[in-house]
Amino acid sequence: MSLRLFKSLWGMEHLTYRESIRQIAAAGYDGVEAPVPSPEHAGEFIELLQEYKLAYIALIASTGQSLQQHKETFANGVNRAAALNPLLVISHSARDCMSDEEQSDFFRAAIHEQKAAGVSVGHETHRHRAMYTPWNTARLLELFPDLRITADFSHWCCVCESLLPDQGKAIRLASERTIHIHARVGYAQGPQVPHPAAPEYAVELKTHEDWWKHIFEIRKAGGYESTPVTPEYGPPGYMHTLPFTNQPVTDLWDTCLWMGNRLRTVLAN
């Protein structure tokens, strides 16, 4: 099974679509992960992806003050994304503060909408969202067999203030339902280490790599030909900065590139 490496446009917003996509293609990535472009820019965006032979993963989010608004914005987002024929859609879905019943109602509607749109959706394990903890994610996955996720376990490390030694069962279930990986290394006090190559975070790096390897093993056993992965390191304030100057402690592009090259070695088959 092969690795398909994607680069997020997060942190590249100062560049035009042409500049960012050209840079991503030149670096050897297989695709681009980005929010759904506005209607006036969608045509240009897709033409550039085709020109540089890059796949597309769409990012959407449900928003609003009520459950109904979250359901409606998800439906709108997934249909806008489907019109661009992405490899898959990543969704920041529902809210952590919703009740169990509200979250269940949301995902019941979401599964219906994504099936109708004809796209695969990986609901991300993200803070602030319904899948903000291993145990709540496990509850939802057990309730909805058709539910699939984008695995970003760095968020769980932050929320749980640990490398999740007591969450093996939930991680195994999440791994079985993963269709996309956000390969960012988190630690007990945050979702992003300053740099994954730093020796002081060797334990965190190995822990995350073991999780990613397990996902690959599951998907390989399931007959999948490839697995998409995004080294999704973020700019400040995900990235650490120096006090008083706000200068980033590492270069975002180089950090993602290091992680991508590492993934090609660690997850090679």
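Residues numbered from 1 in each chain as written. Predicted model: local features only at pLDDT ≥ 70, side-chain atom pairs only at ≥ 80, totals over all residues. Heavy atoms only, no water.

Caption draft 1: Geometry of the overall build of the chain. Within the chain, the regular secondary structure consists of nine helices and eight strands. For 269 residues, the compact-globule estimate of 2.2 N^0.38 gives 18 Å, and the C-alpha radius of gyration of the chain, at 18 Å, lies within 12% of that figure. Dimensions of the chain, computed from the C-alpha atoms along their principal axes, are close to 45 × 45 × 45 Å. For the chain, the share of sequence-separated contacts (at least 6 apart) that also reach a separation of at least 24 residues comes to 76%. Looking at the chain as shown, the accessible area adds up to about 12100 Å², and 50% of this sits on carbon and sulfur atoms. Side chains of the chain give 24 positive and 31 negative charges; the mean places of these two sets differ by 5 Å. (Helix = DSSP H or I, 4+ residues; strand = E, 2+ residues; numbered from the N terminus. Rg over C-alpha atoms; globule rule 2.2 N^0.38 Å. Contact = heavy atoms within 4.5 Å. Areas by Shrake-Rupley, 256 points an atom, 1.4 Å probe, with all protein chains shown as cover. Lys, Arg positive; Asp, Glu negative; His and termini not counted. Charge placed at Lys NZ, Arg CZ, Asp CG, Glu CD.)

Caption draft 2: Spotlight on the side chain of H180. For H180, the position within the fold is in strand 7 (residues 178-182). A distance of 3.3 Å separates a polar atom in the side chain of H180 from a polar atom in the side chain of E33. Engagement of the side chain of H180 in a polar contact is seen with the side chain of T230, the distance being 3.1 Å. With residues near it in sequence (within four places) discarded, H180 still touches E33, I57, L88, I90, I149, T150, A151, P228, V229 and T230. (Polar contact = N/O pair within 3.5 Å; in protein donor to acceptor, adjacent residues only side chain to side chain.)

Caption draft 3: Representation of the side chain of H126. Structurally, the position occupied by H126 is in the loop between strand 5 (121-124) and helix 5 (134-143). Not counting the four nearest positions on each side in its chain, H126 is found in contact with H92, M131, Y132, H155 and Y238.

Caption draft 4: Quick peek at the nonpolar core. If you look at the biggest cluster of nonpolar residues, it comprises 73 residues, and the most contacted ones within it are V32, F45, F107, W212 and L263. Ignoring any residue separated from it by four or fewer positions in sequence, one finds V32 in contact with F6, K7, L9, I21, I24, F45, L49, L54, A55, Y56 and I57. Judged by nonpolar contacts, the second largest core, of six residues, contains I57, L88, I90 and I179. (Core = buried A, V, L, I, M, F, W, Y, C linked by side-chain atoms within 4.5 Å. Buried < 20%, exposed > 50% of the residue type's maximum accessible area, 1.4 Å probe, protein only.)

Caption draft 5: The arrangement of the packing of helix 8 (residues 202-221) against helix 9 (residues 252-266) in detail. At a minimum axis distance of 12 Å, the contact between helix 8 and helix 9 shows a crossing angle of 55°. When the axis of helix 8 is compared with that of helix 9, the two are oblique. In the packing of helix 8 onto helix 9, the handedness of the crossing is right-handed. Judged by residue contacts, L205, E209, W212 and K213 of helix 8 engage W258, M259, R262, L263 and V266 from helix 9. For the contact of helix 8 with helix 9, the residue count by class is six nonpolar, no polar and three charged. (Axes fitted to C-alpha atoms, helices over the stretch in contact; angles between N-to-C directions. Parallel < 35°, antiparallel > 145°, perpendicular 65-115°, else oblique. Left-handed = near helix turned anticlockwise from the far one by under 90°. Nonpolar A, V, L, I, M, F, W, Y, C, P; charged D, E, K, R; others polar.)

Caption draft 6: Quick peek at helix 1 (residues 17-26). Among the residues of helix 1, those classed as buried are S20, I21 and I24. Down the axis of helix 1, the smallest arc covering the buried residues is 95°, so these residues share one side. Where the residues of helix 1 are buried, they touch strand 1 (2-8), strand 2 (31-35), helix 2 (39-51) and helix 9. Immediately beyond the C-terminal end of helix 1, within one or two residues, lies G28, with a positive phi of roughly 90°. (Arc of directions from axis to C-beta.)

Caption draft 7: Representation of the packing of aromatic side chains. Scanning the entire structure with this criterion turns up nine aromatic pairs. Judged by centre distance (4.8 Å) and plane angle (85°), the ring pair of W10 and Y238 falls under edge-to-face. Of this pair, W10 sits in the loop between strand 1 and helix 1 while Y238 sits in the loop between strand 8 (226-230) and helix 9, and the two are 228 residues apart along the sequence. On the basis of an interplanar angle of 75° and a centroid distance of 5.7 Å, the ring pair of F74 and F106 is categorised as edge-to-face. With F74 in helix 3 (residues 67-82) and F106 in helix 4 (residues 100-117), this pair connects stretches of sequence that are 32 residues apart. Each of the two residues, F74 as well as F106, counts as buried. Put simply, the rings of Y17, F45 and Y56 pair up and form one aromatic cluster. Over the face of the ring belonging to Y224 we find R219, whose NZ or CZ atom lies 4.0 Å from the ring centre. (Phe/Tyr/Trp six-rings, centres within 6.5 Å; stacked < 30°, edge-to-face > 60°. Lys NZ or Arg CZ within 6 Å of the ring centre and 35° of its normal.)

Caption draft 8: Just the environment of A83, in detail. Along the chain, A83 falls in the loop between helix 3 and strand 4 (88-92). A residue is classified by how much of its surface remains accessible, and A83, at 65% relative accessible area, is exposed. For the pair A83 and E13, spaced 70 residues apart in sequence, the C-alpha to C-alpha distance is 23 Å.

Caption draft 9: Seen up close, the pattern of salt bridges. With the rule as written, the count across this model stands at 10 salt bridges. One salt bridge in this structure joins D105 and K71, with 3.2 Å as the shortest N-O distance. Residue D105 is located in helix 4, and its partner K71 is located in helix 3; the two are separated by 34 residues in the primary sequence. Taking the relative accessible area as the measure of exposure, D105 reaches 28% and is therefore partly exposed. With a closest N to O distance of 3.0 Å, R184 and E232 form a salt bridge. A residue pair is termed long-range when its members are at least 10 positions apart, and R184 in the loop between strand 7 and helix 8 and E232 in the loop between strand 8 and helix 9 qualify at 48 residues. The exposure classification of R184 matches that of E232, with both residues buried. (Salt bridge = Lys/Arg side-chain N within 4 Å of Asp/Glu carboxyl O.)

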